[in-house]
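# Remarks on the overall topology
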Amino acid sequence: MKAVKLLKKQAKASLGGKWATAVAGLLAVFAAALFVYLFYATFGWVTGAFVTSAQEIDTVVIIKQFVLFFTTFLLAIALMPIINGFFRLCYNIANWREANFADVFYFFKETKRYFKAMQFNIFTTAKLFAAYFITFLGYNIFRIPVIETSFEITTLFIINRSMLFALGFVWFLLFFIRIIFSEFIFVDNENARISEISRATKVIFKHHKLDIILLNYSFIPWIALSFLVIPALYVIPYMTTTVATSTKWLLKLYKEGKLV
């Protein structure tokens, strides 16, 4: 836990007078997410893709819904380099480099840079979807169906569902932490191949998995506080910069050949 406290202290020190810049970067990410949502809501309303409970769903409506979901997904993927830019901003702060709001749009400034980010994002998105599918599949395989209603069956049902949900959530969260970690390896060198990023992530997690997990789990109370929205403007830059600081030191060990 001493290492966790030290990393948090270093992150706060590096943020210093950069809090406003980090918050502005986060607001840019929120704005992009809001734009995607407004596009989805507006396009869905204009095309009539949304249906009421009383409306009959026909082939035309299904096609409209497919087009709506697909175009919204493409828009989200196209804007995702803003998220990469926010991670780059926090990584620059963690490394005491010059960091400014323009870093959020770093991957939009060059075509090659943009498509490198797109390639990485599609890869990580596919992995997240695969992790979600495996979690969902496992939940449905091992769940206990309710055959009759009795106190014993109901209790067993609740315990079974609760355990499966908890295990699935923890497993998915561990996978998500790994994805976030690889994000900083990517912004450290956006010219690295996907295989190189994956190898670096694998090697570092092999030696420091528990340390990385404990660091991220130490923010759970802060994350819970973020559901009140306003505290998220403090928590997310703080947490992201702390994880970036951790990645900085671990990546240094990896580059020096001390982790194999």
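Residues numbered from 1 in each chain as written. Predicted model: local features only at pLDDT ≥ 70, side-chain atom pairs only at ≥ 80, totals over all residues. Heavy atoms only, no water.

With that settled, consider the pattern of salt bridges. Evaluation of the coordinates by the stated rule reveals four salt bridges. Across the pair R193 and E196 runs a salt bridge whose closest N-O atoms are separated by 3.3 Å. (Salt bridge = Lys/Arg side-chain N within 4 Å of Asp/Glu carboxyl O.)

On to the packing of aromatic side chains. Inspection of the entire model under this criterion finds 19 aromatic pairs. Ring pairing ties together the aromatic residues W19, F219, W222, Y234 and Y238, which thus form one cluster. The ring of F219 carries K8 above its face, with NZ or CZ at 4.5 Å from the centroid. Directly above the ring of F205 sits R178, whose terminal nitrogen or CZ lies 5.0 Å from the centroid. (Phe/Tyr/Trp six-rings, centres within 6.5 Å; stacked < 30°, edge-to-face > 60°. Lys NZ or Arg CZ within 6 Å of the ring centre and 35° of its normal.)

The next point concerns helix α9 (residues 232-255). For α9, which comprises 24 residues, the first-to-last C-alpha distance of 33 Å matches the rise-based estimate of 34 Å (1.5 Å per residue) to within 8%. Of the residues flanking the end of α9, it is G257, one or two places downstream, whose phi is positive at about 80°. (Helix = DSSP H or I, 4+ residues; strand = E, 2+ residues; numbered from the N terminus. Expected span 1.5 Å × (residues − 1).)

Time to look at a nonpolar patch on the surface. Residues I63, F66, V67, F70, F73, L74 and F129 make up a contiguous nonpolar surface patch of roughly 700 Å² in combined accessible area. Inspection of the secondary structure puts L74 in helix α3 (residues 59-79). For L74, a relative accessible area of 44% puts it in the partly exposed group. (Patch = residues over 30% accessible without salt bridge, like charges linked within 9 Å, V, L, I, M, F, W, Y side chains within 5 Å. Areas by Shrake-Rupley, 256 points an atom, 1.4 Å probe, with all protein chains shown as cover. Buried < 20%, exposed > 50% of the residue type's maximum accessible area, 1.4 Å probe, protein only.)

Take helix α1 (residues 2-15) next. An ideal rise of 1.5 Å per residue puts 20 Å on 14 residues; α1 measures up with 20 Å between its terminal C-alpha atoms. Inspection of α1 places V4, L7, K8, A11, S14 and L15 among the buried residues, and these make up the whole buried set. Buried residues of α1, viewed axially, fall in a sector of 130°; they line one side. In this structure, α1 carries K2, K5 and K9 as exposed residues pointing more than 90 degrees from its buried face. In this structure, the buried residues of α1 make contact with α2 (19-47), α4 (81-94), α7 (194-217) and α9. Two residues or fewer past α1, G16 is found with a positive phi of approximately 35°. (Arc of directions from axis to C-beta. Contact = heavy atoms within 4.5 Å.)

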